Structure formats: C-alpha cells, structure tokens
Amino acid sequence: MHHLVARAFPICRSITGDGFRETLKILSEIIPLKVYEVPTGTLVFDWNVPKEWNIRDAFIADSEGHKIVDFQKCNLHVVGYSTPVDQWLPLSELQNHLYSLPDQPDAIPYITSYYKERWGFCISHNERLKLKEGNYHAFIDSTLEDGSLTYGECILKGECEQEVFLSTYACHPSMANNELSGPVVTAFIAKWLASQLRKYTYRIIFIPETIGSITYLSRNLEVMKKNIRAGFNISCIGDMGKFSYVASRYGNTLADKVALNVLTYAHPDCNKYSYLDRRSDERQYCSPGVDLPVVTLSRSLYGTYPEYHTSLDNLDFVTPEGLFGGYDYVKKCIEIIENNRTYRLTTLAEPQLGKRGLYPNLSTKETAAAVETMMDFIAYADGTNDLLQISSIIQKPFWEILPIAQKLLEAGLVEETQQ
Amino acid sequence: MHHLVARAFPICRSITGDGFRETLKILSEIIPLKVYEVPTGTLVFDWNVPKEWNIRDAFIADSEGHKIVDFQKCNLHVVGYSTPVDQWLPLSELQNHLYSLPDQPDAIPYITSYYKERWGFCISHNERLKLKEGNYHAFIDSTLEDGSLTYGECILKGECEQEVFLSTYACHPSMANNELSGPVVTAFIAKWLASQLRKYTYRIIFIPETIGSITYLSRNLEVMKKNIRAGFNISCIGDMGKFSYVASRYGNTLADKVALNVLTYAHPDCNKYSYLDRRSDERQYCSPGVDLPVVTLSRSLYGTYPEYHTSLDNLDFVTPEGLFGGYDYVKKCIEIIENNRTYRLTTLAEPQLGKRGLYPNLSTKETAAAVETMMDFIAYADGTNDLLQISSIIQKPFWEILPIAQKLLEAGLVEETQQ
Amino acid sequence: MHHLVARAFPICRSITGDGFRETLKILSEIIPLKVYEVPTGTLVFDWNVPKEWNIRDAFIADSEGHKIVDFQKCNLHVVGYSTPVDQWLPLSELQNHLYSLPDQPDAIPYITSYYKERWGFCISHNERLKLKEGNYHAFIDSTLEDGSLTYGECILKGECEQEVFLSTYACHPSMANNELSGPVVTAFIAKWLASQLRKYTYRIIFIPETIGSITYLSRNLEVMKKNIRAGFNISCIGDMGKFSYVASRYGNTLADKVALNVLTYAHPDCNKYSYLDRRSDERQYCSPGVDLPVVTLSRSLYGTYPEYHTSLDNLDFVTPEGLFGGYDYVKKCIEIIENNRTYRLTTLAEPQLGKRGLYPNLSTKETAAAVETMMDFIAYADGTNDLLQISSIIQKPFWEILPIAQKLLEAGLVEETQQ
C-alpha cells in the first residue's frame with residue numbers, strides 16, 4: 001500500500017482534471033473501476049459541477065530568472081484552481097498572492113479557491129521572509145474551462161441487494177494521509193472483498209470531496225437510500241496516530257455500532273468524535289433527507305494533527321504499518337457486518353455442554369474464561385439480540401463471540417432467527 | 001422596578017385584606033388588572049376561602065406606656081392573621097406570644113397563623129432578651145371577619161388561543177425579595193408583553209400564595225388545562241444571588257426545557273432544583289390532575305438564603321440590578337417560547353451558501369465559528385427538532401440559532417414545518 | 001435458625017441420595033414439605049437425572065492402619081460422587097486422587113465430579129505435605145446406582161393465583177453459608193408466611209443446585225411462567241458480610257426493583273452484582289425461553305469470600321445475627337411485594353391536611369420531615385406510579401411511604417387504582 005501511495009504522491013490532483021483521472025488509473029490496476037464524467041454546469045442538488053482545472057507548470061522567478069518557487073518541485077506551491085497568469089510585479093503586490101504559515105514556518109500550506117477565481121502561490125514562511133524587494137515573474141500555465149468532474153465506482157455484487165457503502169476522496173495533491181491513504185486503503189479493501197464470498201453488495205466510490213459526494217448522491221440517491229445498511233467514509237487512515245471515528249448525525253446507526261465495537265475492543269485508546277466534529281463527506285451522506293447510515297473511519301482525524309493540509313503530510317508521516325492498521329480497522333468493521341446474526345437457544349434452561357464435547361476436559365484459567373464467555377453468549381442468545389448487541393452486553397469483542405456462535409450452531413444448540 | 005418595590009414595601013399585606021388590594025392598585029398603574037373578589041367560605045377544591053383579615057395598629061407597651069414593639073415601625077412585628085387583643089399581662093405570659101430567632105438575633109421573623117386563630121408578636125431576639133420582668137400591654141387592633149379573597153388577572157390576547165401562564169404572589173408584608181420582587185418583575189414583563197406582537201395569549205395573575213392558586217385553579221382549571229403550553233411561577237427574583245429554577249413534577253415540560261436553556265447559556269453558574277425542593281405555587285399547578293407545565297423561576301430560592309422570611313429581606317437585599325437580571329431571565333424564557341419553531345432543510349445535501357451571500361468573504365475565527373453554527377443548524381434542521389432541541393444538540397444558545405434560522409428561512413433554504 | 005443449621009451441618013448431602021432426604025426431613029419439622037422423587041435417567045430439558053449417590057464410610061489409612069483422612073470426621077474429605085474404591089497404592093499414585101489448596105493450606109476444599117466417574121479425597125494442604133512415601137489404603141464405601149433425585153416443595157395459597165417464587169438448594173455437605181443458610185432462612189420465611197394473610201401464592205422449593213432447578217422447571221414451567229410475578233433464589237445468606245443481590249438477565253424485573261429498594265434504604269453499603277456474575281440457579285430461571293423474573297439474594301456472594309467451598313465455611317462463619325439479617329432481607333422484599341399498590345389523589349390541588357388531623361400540631365424537625373414525605377407522596381400519587389416507583393422518585397424507603405399511603409387511604413384522600 002505504501003508503494004502505491006508513493007507512486008500516486010507526485011500527481012497534482014484537484015476536484016476535477018487529469019490528475020484525478022491519472023490517480024483513478026493507478027487504482028484501476030488493483031480493482032475494476034468504472035469511471036464516470038459529469039459535465040461542467042450539471043445541476044447537482046443545490047450546486048453546479050464546476051469548470052475543469054488543469055495545470056502544466058508554474059513558478060515565481062526573480063529578476064535574474066532564478067525560480068524562487070517551482071510547481072515542478074512541489075505542486076502544493078500553487079493555490080488549487082488558480083487562474084493562469086504571466087506577469088511581472090513588485091514584491092509588495094506579489095505578497096497579496098502569497099500564502100504561508102507563520103506558526104509552521106517550514107511547511108508549505110495547502111490552499112484552494114474553487115468557487116472564487118483568483119491565482120496564488122503557497123510557500124513556507126521561512127522562504128517568504130527571505131524574499132527581497134524587487135520585481136518578480138509570476139507564471140501559472142493553467143486552464144479553467146468547461147470540462148467534467150470525474151469519479152470512479154466499483155460495485156461488488158453480494159448474495160443480497162442490501163449494500164455496504166465505502167466512500168473515499170482523491171482530490172488532494174501531494175499529501176499522503178489526507179488524502180492518499182483513503183483511496184489506497186479502500187482499493188486494497190475492495191481487492192480483498194472481491195476475493196471473498198459476500199453476503200452484502202459493496203458500493204465503493206472514489207470521488208472528489210464535497211462536490212463529488214453531492215454529485216454522486218444526486219445521481220444515485222434513490223437506490224442508496226433503499227439498499228445501504230451501513231456506510232463508511234474512509235479518510236486520513238495511514239498515519240501512526242490513534243484510531244478514531246466520526247459519528248453519524250444521531251450516532252445510532254449500524255455503522256456507528258460496528259465502528260464503536262472495533263474501537264472498544266481492538267483500539268480502546270481511541271478518539272470518538274461527535275457529528276459536530278464532522279468536516280468531510282459524512283456531511284453530505286448524513287444530511288437531512290439523505291439520511292444514510294454513514295460514519296467516518298480515520299486514524300488522526302482531519303484538522304487534529306499539525307501536518308494536516310501542509311507539505312508535512314508526506315510519505316514519512318504515512319507509514320506501511322500505519323496503512324496496514326487502517327486497512328485492518330476497515331476490514332474488521334466489514335467482517336462484523338458480514339457476520340452479524342441473531343441467534344436463539346434451542347434448549348430450555350442451560351444446555352449440557354459436556355456431553356457434546358463443548359466443555360473443556362482440562363480446567364485452566366483460559367478454558368474457564370472461554371466457558372464463561374460461551375455461557376454468557378447462551379444467556380443472551382434469546383432471539384432479541386444480534387451478535388453486536390450481545391458483544392455490548394457481555395463486554396467481549398464481536399470476534400470472540402462469533403466462533404462460539406458458530407460452534408453452538410453446528411451443535412444445534414442455537415438457531416439463526418430474524419430479530 | 002426598585003422604585004415600585006420601595007413604594008409597595010411599607011404596606012401590610014396578607015392572603016386577604018386591604019393591604020393586598022392596595023398593592024394590586026399600585027400594580028394597576030403599570031398594567032391593566034382585572035380584580036376579583038371571592039367570598040369567605042367559598043369551597044375551592046379541598047379548601048374554603050378563609051376569613052378576611054385587616055389590621056390598623058398593634059403594639060406592646062411597658063408599664064410606663066413606652067412602646068417596646070410597634071406595628072407602625074414594622075408590620076412584621078405582628079403574627080399574620082392575629083386575632084384582636086387588648087390586654088395587660090406579665091412577661092412570663094407574654095413570652096408565649098413572642099417569636100424570635102436566636103440564630104439571627106437582629107432579625108424580626110415573619111410568622112403567620114392562617115388556619116389556627118391566635119395572636120402574637122415577632123421581635124428580634126436581642127430586643128426580646130432586653131425585656132424586664134413586669135406587666136405589659138399587648139394591643140392588636142385587627143379584624144378577622146367574613147369578607148373575601150382578592151386577586152388580579154391580566155389577560156393579553158395573542159394570535160392563538162394557546163397560552164403562556166405567569167403567576168406571582170403578593171401576600172407577604174414588608175419583605176422585598178419574597179415577595180415584592182415577583183409581582184413587580186411580573187408587572188413589568190406584562191407591560192413589555194403588552195407592547196409586543198404576541199403569538200401566544202398570556203394569562204398573568206397576582207394572587208395570594210397557596211390558597212390563591214388553589215382558588216384561581218378552581219375557577220379556571222378547564223381552560224388552563226386546554227390552553228396552557230408553558231407556565232412560570234415567579235418568586236424571589238430581585239436579589240443578587242444565582243439564578244435558579246424549580247423543575248415541574250417530572251421535569252420534562254416545555255417550561256423546563258426553556259428555563260434550562262436560558263440557565264445553561266446565560267447563567268451557567270446557576271442552581272437547578274428538583275420538584276422535591278418545591279415550596280411555592282408550583283405545588284398546586286403541578287399537582288396530580290392539575291398537571292400544568294409550570295416551573296418556578298427565581299434568583300436566591302425561597303428557604304435557601306438567610307434573609308428569607310425575616311426583616312433582613314429588605315430594600316437593600318433587593319437591588320435595581322438584581323430586579324433587572326430577574327426581568328431579563330423571564331423575558332428570555334418568553335422570547336424562546338414565542339420563537340420556537342421546527343424547520344426542515346429544502347435542499348438535499350448541504351446547500352451552497354456562497355452563491356447566496358451567506359458565506360463570509362473574510363475568513364476569521366469569528367466568521368468561521370458563525371459558519372460552523374449555521375452548518376450545525378442545517379445538519380439538524382430535518383423537521384424533527386425544534387430550535388430548542390437543536391440548541392441542546394449543537395450546544396449553542398437558542399438566541400444564537402434563531403437569527404440563523406430566520407436568515408435561512410428568508411433565503412428559502414429551510415421551511416417551517418409541524419414536528 | 002443457627003440451631004437448625006447446626007443440626008443439619010454434619011449430614012453428607014449431595015445432589016441425590018439420603019443426605020438430601022434427611023435434610024428435607026429436618027426442614028419438615030418447621031414447614032409442610034411435599035417431597036418428590038424423580039427417577040435416574042428422566043429427561044429434563046437437555047439433561048438426564050443422574051444416578052443416585054450414597055456413601056457410608058471412607059478413609060485413607062497408612063501401612064500401619066492409622067487413618068490419615070477420615071470421612072467420619074469431615075465429609076468434605078471425599079470428592080462428591082466418588083465411585084467405590086478399596087485399594088492399596090503408593091503415595092505417588094495416591095497423589096493423583098488428592099485435592100488441596102496451596103493458598104489456603106489449612107482448608108479442606110469442596111470438590112465434586114457429578115458427570116465424570118472418578119474417586120478422590122480432599123485434604124488440607126498442610127496435611128498433604130506431611131504424607132510420607134509408602135503404601136496407603138484408599139477406601140470409599142459408596143454406591144452410584146439408579147435411584148432418584150429428591151426435592152421438596154411448599155405451596156402456600158394466597159388470595160390470588162399470582163405467585164412469588166422462592167428457591168434454595170440443599171445439596172452441599174458440611175458447609176454452613178453455602179449452603180445451609182439458604183434452606184434454613186427460606187424455611188423460616190415459609191413458616192412466617194404460613195402465619196400471614198397473603199395476597200400472593202408462594203411457591204417455595206428446596207432442590208439440588210442446577211440439575212434440581214432444571215428438573216423442577218421441566219415439570220412446572222408452564223404454570224410458573226403464567227403465575228410468577230417475582231422470584232428469589234436464596235443462597236449464602238447467613239454470614240456477617242455485606243448484603244448483595246444478583247440481577248436478573250436484563251435487571252429490570254419486579255424482583256430487581258424490590259431487592260434494589262431494600263438494599264438502597266436498609267443496606268446502602270451493599271454489593272449489586274450483574275447477571276454476568278451469576279453462578280447459581282438464577283442461571284436456569286432467567287435462561288432464554290424460561291425468562292422468569294428471578295434474582296438472587298445473598299450476603300457474601302458465592303465465589304467472593306475466601307471461606308467459599310472449603311471447610312472454613314463452618315458454623316463460626318455463619319452466625320445467628322448473620323442468619324437473622326438474611327431472614328430480614330428476604331422478609332422485607334416480600335413485604336414490599338405484598339403491599340405494593342398504585343394510588344391516585346382524590347382531590348385536585350394539594351389537600352388540606354390540617355382539617356383531617358394529618359398535619360402535626362407541633363412543628364419539629366421530625367414532624368416537618370414527615371409532612372414533607374407525605375406531601376411528596378401526594379405529589380406523585382397520580383395513578384401512574386406504584387409505591388416502589390414513588391419510593392424511587394422521592395428517595396424514601398418503601399416502608400416509610402406505605403403507612404402514609406394507608407393513612408391517606410383511610411382519610412379518603414387517595415384511592416387505589418390499576419396502573
């Protein structure tokens with residue numbers, strides 16, 4: 001996964017344009033992606049698809065022709081959606097087009113201006129302070145024209161029509177956690193899912209943030225509302241920070257319960273954010289009238305780490321171990337959803353485990369604990385609790401209860417039931 | 001308001017009699033009051049209207065004719081509802097008719113005996129200790145005869161029949177917080193309401209405590225149960241103490257939610273009392289079968305401050321600033337009730353605020369916080385939450401959300417709905 | 001009660017056999033017991049009634065004929081359900097049949113092997129360490145043959161068919177808290193109940209643990225599910241430890257509320273255990289499909305005290321005072337169930353207590369508190385709360401509210417109602 005992040009890292013992505021298309025192409029090597037193009041100007045709910053932006057080169061040069069700032073070295077140097085410019089101007093005027101971070105003087109900030117046309121450059125504050133009086137050549141070879149918004153979709157059919165929804169965005173230029181970790185982890189999850197027997201159908205999309213989710217919803221809302229049982233927005237999931245989750249609007253969907261179970265038992269030292277902390281596509285998926293059961297899965301959440309939206313969010317900040325942890329987090333959530341069932345005991349009173357070989361011959365601390373968990377599962381396998389609820393009641397992880405349920409199902413001591 | 005309190009302060013009020021009538025007359029200068037008289041003996045639920053009590057003069061004089069205790073100097077000196085007396089008696093017998101507070105030796109206590117006929121005097125404990133052996137002349141020129149119970153009512157019609165109910169009592173003699181603050185603040189609230197466009201009809205009453213609320217309920221219960229959406233008993237609301245509230249019987253009415261919102265956001269350092277702490281007319285309004293949604297609004301609650309029911313509850317204890325704070329507390333509650341509505345977003349997904357001029361041009365910490373509050377309001381404007389509920393969910397005061405709702409309503413982004 | 005415990009203490013009880021029968025006979029001196037015998041092999045839900053076990057003598061003797069371990073001195077020395085043996089064997093082989101507690105070197109442990117045939121001896125660890133190399137004579141004169149499982153039942157008819165259920169077990173040999181305290185306290189409760197007017201019918205059973213409750217349920221489930229309103233498993237209730245309770249499966253039955261009320265107000269320094277801490281017959285009574293409203297009442301709960309399941313759980317550990325405390329705990333629970341009613345105020349607004357003599361003439365701290373409790377009861381006597389709920393709302397014990405309710409009922413101020 002880290003290799004894939006590294007390959008896609010240099011590409012200059014934005015919410016539209018060839019950088020986004022190129023990134024989808026790389027992801028297509030891992031999983032089958034159907035790519036859609038939605039023309040500029042298309043009405044999507046309250047919004048219109050914006051013009052398409054592409055950029056070939058940009059720099060600021062001093063009077064002697066030395067490039068002070070060079071897009072070829074780092075694409076964060078150009079404000080996203082900058083209009084073309086080719087102009088000499090004194091430092092005092094240039095300053096109006098410069099963006100830097102006094103508190104993080106070595107970092108190049110990430111700035112965009114999608115809905116107001118302007119041009120600008122981002123530089124480290126230390127570099128900015130070195131600029132001397134004089135004339136500078138500002139050059140941006142970009143186009144902002146009618147075109148289209150691009151997104152990729154991968155549908156993996158399952159046994160039933162009900163869907164699990166995975167959404168991630170790939171509209172950020174050279175930053176690794178926010179946001180190449182999301183698309184790469186999601187692509188590998190899709191690859192794993194493609195190799196599995198699936199109860200649920202998986203709807204997996206790679207979109208630009210905000211306008212992309214709005215566009216996708218505007219074209220798919222009806223079927224999504226009908227079929228989606230749980231959804232996950234996957235973002236900032238490749239660093240070494242604590243695991244975290246952003247709740248859905250009321251924090252009570254299946255997706256919330258699943259994420260909370262994984263966090264509680266696999267990552268107890270986690271951050272649970274409320275919907276009031278949202279900043280990403282969960283804003284659209286959980287909006288009034290859309291009402292999808294979607295939460296965000298992350299490690300260090302957007303906005304909470306100093307590297308966020310700067311050049312420091314790089315290939316060192318995201319690590320192979322960090323990405324694998326994120327992958328495992330998403331996988332655990334999906335495994336719970338795939339295996340969550342409701343069971344009912346087939347005997348009255350406690351069953352006799354011994355005659356079925358379900359009682360350990362040797363009594364150790366471990367076997368005693370295992371028997372206790374089995375008896376606790378049996379106590380609440382009354383046809384009113386699914387495995388997730390039992391996990392919550394008896395305070396044992398889902399994945400410790402699941403094999404017990406399967407063993408008892410084989411032994412005929414429980415039967416599956418509709419709750 | 002403090003001026004009015006000072007004017008009414010010297011009058012000797014009780015649950016019946018001319019003192020109460022005179023006080024209503026002073027309040028009538030501020031607002032239109034319809035005055036009712038209910039004859040002695042009238043059956044009011046489980047009670048009867050008591051005899052009317054009036055008093056002209058009272059004193060204790062020593063053998064040389066010096067007035068040791070003089071009603072003309074302070075009307076608290078006479079036990080309320082004292083029967084007439086004109087008698088010489090030795091100190092030892094007089095002591096049986098004296099009431100003082102050893103723990104507050106400078107204070108004259110406030111004592112009444114409405115339902116058992118007796119006579120008595122209240123004096124400071126220090127004065128009591130100075131009394132020498134000898135004969136004393138006890139004199140009370142009072143009458144306790146058939147008459148009537150008096151109360152004032154002010155109905156302010158609104159756009160709809162549904163009512164907000166304000167109740168306060170004016171049956172205490174020369175004490176300022178408990179209880180001239182209540183009637184005076186309530187009269188000024190009524191004056192303000194009279195000048196406003198009102199959605200709700202306001203039923204505002206000035207009564208004697210307990211027997212007055214029972215009498216009023218017995219004559220108006222049906223229409224009150226039909227129309228009242230929220231009610232406030234207003235008492236002890238003119239001192240400089242913490243703001244407080246006494247919950248309704250189950251603590252879950254609109255009046256509770258409104259008071260809690262104001263306390264949480266305007267007076268976080270407040271006292272929230274349970275219904276188990278009740279001592280005033282909320283006892284009648286929330287009683288089984290009456291079941292009105294009424295809470296008590298106060299500053300230092302009855303029974304919780306040392307000046308309570310003594311001569312120390314005077315024109316120094318109640319201040320202009322204290323009264324104004326109380327007035328503002330009640331006003332805020334009413335403004336919430338008048339403006340509480342349920343809204344539903346008219347777009348799917350988040351609306352584009354920028355194209356409507358609702359997004360700030362300049363991004364500062366303040367404008368960012370304002371946008372966040374607006375987006376949070378939008379997130380929960382799903383037709384199931386009224387503004388009070390949204391205030392509670394997004395943890396912002398009602399009055400910060402209201403103008404946002406109004407702005408979005410004008411922009412057509414939300415519509416009013418029945419929950 | 002302690003005398004009865006002492007009488008029954010020496011008997012070697014097990015889940016079947018003459019020791020159990022003899023114990024029932026002793027209890028029969030206190031209360032009428034109907035004794036049932038269920039033949040070996042009978043199918044009881046998922047189980048079969050086991051063979052009957054009886055034992056006459058057992059010892060380990062050294063080569064010189066000295067009895068190292070003697071069943072006649074303490075019946076805990078023999079592993080329960082040991083098969084007969086009469087064999088000489090060297091110490092090394094004997095060790096495989098010995099059980100001791102290194103952490104409690106003076107205690108003889110209590111061990112059974114109901115469902116796997118074997119023989120063994122329990123000794124104190126200190127005695128075990130003294131054993132010298134050599135040959136030993138292991139002798140157990142027991143029989144393990146077809147017979148029957150025995151239990152006792154006492155049904156006390158009440159005014160209605162609805163039942164309160166009491167269950168306790170008497171299958172443990174010479175241990176006093178776990179478990180002679182349960183049967184003895186329960187027998188004395190039955191004796192007391194027999195002398196009372198009873199609203200409810202009482203179903204009181206004395207059974208062997210686990211297989212006994214399963215057997216009893218398999219023969220009575222239908223009528224129990226129809227009639228039982230609350231049930232109590234009574235165990236470990238004669239020591240001086242804290243009072244405790246084990247919740248029912250969801251912790252929300254009448255039995256839970258009753259036990260919690262008694263603990264909260266009579267024994268605030270108590271232990272409240274969740275159903276996850278269960279180990280006794282509540283496991284069967286609360287199992288899925290059985291679903292009886294049963295909790296366990298205890299003092300030091302099984303498994304939580306060091307004397308548990310050892311020879312230290314003796315006639316010193318259980319005391320007359322401890323037994324009486326346990327008796328009183330159960331009695332209080334039953335008194336609540338018998339007297340729990342729902343009342344509704346017959347007046348509107350607060351009633352006038354004074355004219356009915358319900359208001360104290362003398363106002364002291366005590367009478368004021370009593371009036372306050374009465375007024376609080378009146379405030380919530382609205383026909384929706386039973387006395388238990390009012391107790392919980394106004395935070396006063398049930399037995400303080402009950403006489404108030406009765407006094408007000410006599411005065412006609414409240415009437416009984418169906419909730």
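Residues numbered from 1 in each chain as written. Chains lettered and ligands numbered in written order. Predicted model: local features only at pLDDT ≥ 70, side-chain atom pairs only at ≥ 80, totals over all residues.

Chemist: What am I meant to see in the overall build of chain A here?
Modeler: Scanning chain A from terminus to terminus reveals 12 helices and 19 strands. Its C-alpha atoms give chain A principal-axis dimensions of roughly 90 × 45 × 35 Å. Considering chain A as a whole, with its 419 residues, one finds that 48% of them fall into the buried category. Expressed as a percentage of contacts within chain A between residues at least 6 apart in sequence, the contacts between residues at least 24 apart total 80%. (Helix = DSSP H or I, 4+ residues; strand = E, 2+ residues; numbered from the N terminus. Buried ≥ 20, exposed ≤ 12 C-beta atoms within 10 Å, placed from the backbone. Contact = placed C-beta atoms within 7 Å.)

Chemist: Where do I start with the relation of the copies chain B and chain C in this structure?
Modeler: In this arrangement, two copies of a chain are superimposed by a rotation about an axis accompanied by a shift along the axis. Mapping chain B onto chain C calls for a rotation angle of 120° and an axial translation of 0.1 Å; the resulting RMSD is 0.1 Å. Overall, the copies show the geometry of a three-fold rotation axis. Rotation axis and chain B: the residue whose C-alpha lies nearest the axis is Asn252 of chain B, separated from it by 13 Å. (Least-squares fit on C-alpha atoms with pLDDT ≥ 70 in both.)

Chemist: What's the story with the sheet that holds strand E1 (residues 34–39) of chain B in this structure? I'm lost.
Modeler: As a general point, the strands of a sheet are linked pairwise by backbone hydrogen bonds and lie either parallel or antiparallel. Residue and element names in this part refer to chain B. The mixed open sheet is built from 8 strands, whose spatial order is E1-E10-E12-E11-E13-E16-E14-E15. The outermost strands of the open sheet, each flanked by one partner alone, are E1 and strand E15 (271–273). Strand-to-strand twist of the sheet, defined as the mean angle between neighbouring strand axes without regard to direction, takes the value 20°. Relative to E15, strand E14 (residues 244–246) runs parallel, the two being bridged by 3 bridges. Considered in E15, the bridge of Tyr245 is made with Lys272. Each of E1, strand E10 (148–156), strand E11 (163–169), strand E12 (201–207) and strand E13 (228–234) touches helix H6 (residues 211–227); the most contacted strand, E10, lies at about 30° to it. (Pairing = 2+ DSSP bridges. Axes fitted to C-alpha atoms, helices over the stretch in contact; angles between N-to-C directions.)

Chemist: Would you mind going over the domain arrangement of chain A with me for this structure?
Modeler: Where interface size is given, it is often the accessible area lost as the parts come together that is meant. Residue and element names in this part refer to chain A. As far as domains go, chain A holds domain 1 (2–50 + 148–339), domain 2 (53–145) and domain 3 (342–417). Once you take the C-alpha centre of each, domain 1 and domain 3 turn out to be 35 Å apart. Across the contact, 6 residues belong to domain 1 and 5 residues belong to domain 3. Where the side of domain 1 that touches domain 3 is concerned, the elements lending two or more residues are helix H7 (254–266) and helix H9 (320–339). (Domains from an automatic or database assignment.)

Chemist: Hey, could you run me through the packing of H7 of chain A against H9 of chain A in this one?
Modeler: Describing two packed helices takes the angle between their axes plus the distance from one axis to the other. Residue and element names in this part refer to chain A. Following both chains from N to C, one finds H7 and H9 inclined at 120°, their axes separated by 9 Å at the closest point. Judged by the inter-axis angle, H7 sits oblique to H9. As H7 packs across H9, the resulting crossing turns out to be right-handed. The residues of H9 that touch H7, namely those facing Val258, Ala259, Asn261, Val262 and Ala266, are Tyr329, Lys332, Cys333, Ile336 and Ile337. In the contact of H7 with H9, the residues fall into 8 nonpolar, 1 polar and 1 charged. (Parallel < 35°, antiparallel > 145°, perpendicular 65-115°, else oblique. Left-handed = near helix turned anticlockwise from the far one by under 90°. Nonpolar A, V, L, I, M, F, W, Y, C, P; charged D, E, K, R; others polar.)

Chemist: Whenever I open this one, helix H7 (residues 254–266) of chain C confuses me. Can you help?
Modeler: Helical geometry note: an α-helix holds 3.6 residues per turn, so side chains three or four residues apart project in the same direction. Here H7 of chain C is 13 residues long and its end C-alpha atoms lie 18 Å apart, about the 18 Å a rise of 1.5 Å per residue gives. Buried residues of H7 of chain C: Leu254, Ala255, Asp256, Lys257, Val258, Ala259, Asn261, Val262 and Leu263 of chain C, and no others. (Expected span 1.5 Å × (residues − 1).)

Chemist: Just to check I follow, could you spell out the interface of chain B and chain C for this structure?
Modeler: In this assembly, 16 residues from chain B lie in contact with 14 residues from chain C. Going through the elements one at a time, H6 and helix H8 (282–285) of chain B are the ones with two or more residues in the side of chain B that touches chain C. Considering each element in turn, the side of chain B that touches chain C owes the most residues, 3 residues, to H6 of chain B. For the side of chain B that touches chain C, the per-class residue count stands at 10 nonpolar, 3 polar and 3 charged.

Chemist: Help me understand the interface of chain B and chain A, please; the structure alone is not making it clear to me.
Modeler: Counting from both sides, the interface comprises 14 residues of chain B and, opposite them, 16 residues of chain A. Listed by contribution, the elements that provide at least two residues to the side of chain B that touches chain A are strand E17 (342–345) and helix H10 (365–380) of chain B. Looking at the side of chain B that touches chain A residue by residue, the classes come out as 7 nonpolar, 3 polar and 4 charged.

Chemist: Sorry, what's going on with the sheet that holds E17 of chain B here?
Modeler: All names here are of chain B. Strands sit in the order E18-E17-E19 across an open sheet of 3 strands; the sheet is antiparallel. Since the sheet does not close on itself, it has two edges, and those belong to strand E18 (382–386) and strand E19 (414–417), each with one partner. Neighbour-to-neighbour, the strand axes of this sheet turn through a mean angle of 35°, independent of strand direction.

Chemist: For this particular structure, what's the right way to read the confidence of the model for chain A?
Modeler: Close inspection of predicted coordinates is inappropriate in any region flagged by low pLDDT. On average, residues of chain A score 96 in pLDDT, and 100% of them reach the 70 mark or higher. In the model output, the complex is listed with pTM 0.93 alongside ipTM 0.93. (pLDDT = per-residue confidence, 0-100.)

Chemist: Explain the environment of Asp239 of chain B to me, please; I cannot follow it from the model alone.
Modeler: With respect to the secondary-structure elements, Asp239 of chain B resides in the loop between E13 and E14. If near-sequence neighbours (up to four positions away) are discounted, Asp239 of chain B is found in contact with Asn177, Arg299, Ser300, Phe317, Val318 and Gly322 of chain B.

Chemist: Where do I start with helix H2 (residues 18–28) of chain B in this structure?
Modeler: Residues and elements named next belong to chain B. Buried within H2 are the following residues: Gly19, Phe20, Thr23 and Leu27. Summarising the axial view, the buried residues of H2 lie within an arc of 100°, below the 170-degree limit, and thus occupy one face. Its buried side turned inward, H2 meets helix H1 (2–8), E10, helix H5 (177–194) and E12. (Arc of directions from axis to C-beta.)

Chemist: When you look at the environment of Val164 of chain A in this model, what are you seeing that I'm missing?
Modeler: Residue and element names in this part refer to chain A. Secondary-structure assignment places Val164 in strand E11 (residues 163–169). Placed 102 residues apart in sequence, Val164 and Asp62 show a C-alpha to C-alpha distance of 54 Å. With sequence-adjacent residues up to four places away left out, Val164 is seen in contact with Tyr200, Tyr202, Arg229, Ala230, Gly231, Ile334 and Ile337.

Chemist: What is the right way to read unusual backbone geometry from this model?
Modeler: Note: most peptide bonds trans; most residues except glycine with negative phi. Its identity as a non-glycine residue notwithstanding, Thr210 of chain A has a phi of 60°, on the positive side. Structurally, Thr210 of chain A is set in the loop between strand E12 (201–207) and helix H6 (211–227). Although it is not a glycine, Cys236 of chain B adopts a positive phi angle of roughly 55°. Along the polypeptide, Cys236 of chain B turns up in the loop between E13 and E14.

Chemist: Explanation requested: the pairing of E12 of chain B in the structure shown.
Modeler: Working note: regular strand, side chains alternate between the two faces of the sheet. Residue and element names in this part refer to chain B. The element E12 is largely enclosed, with a buried count of 6 among its 7 residues. Direction of pairing for E11 relative to E12: parallel, over a ladder of 7 bridges. Its bridge partner lying in E12, Val164 is registered against Tyr202. For the handedness criterion, the β-α-β arrangement of E11, H5 and E12 is classed as right-handed. (Right-handed = clockwise from strand over helix to strand, strands pointing away.)

Chemist: Got a minute to help me understand the environment of Asp316 of chain A in this structure?
Modeler: Looking at the secondary structure, you find Asp316 of chain A in the loop between strand E16 (294–298) and H9. The spatial distance from the C-alpha of Asp316 of chain A to the C-alpha of Glu372 of chain A is 45 Å, given a sequence separation of 56 residues.

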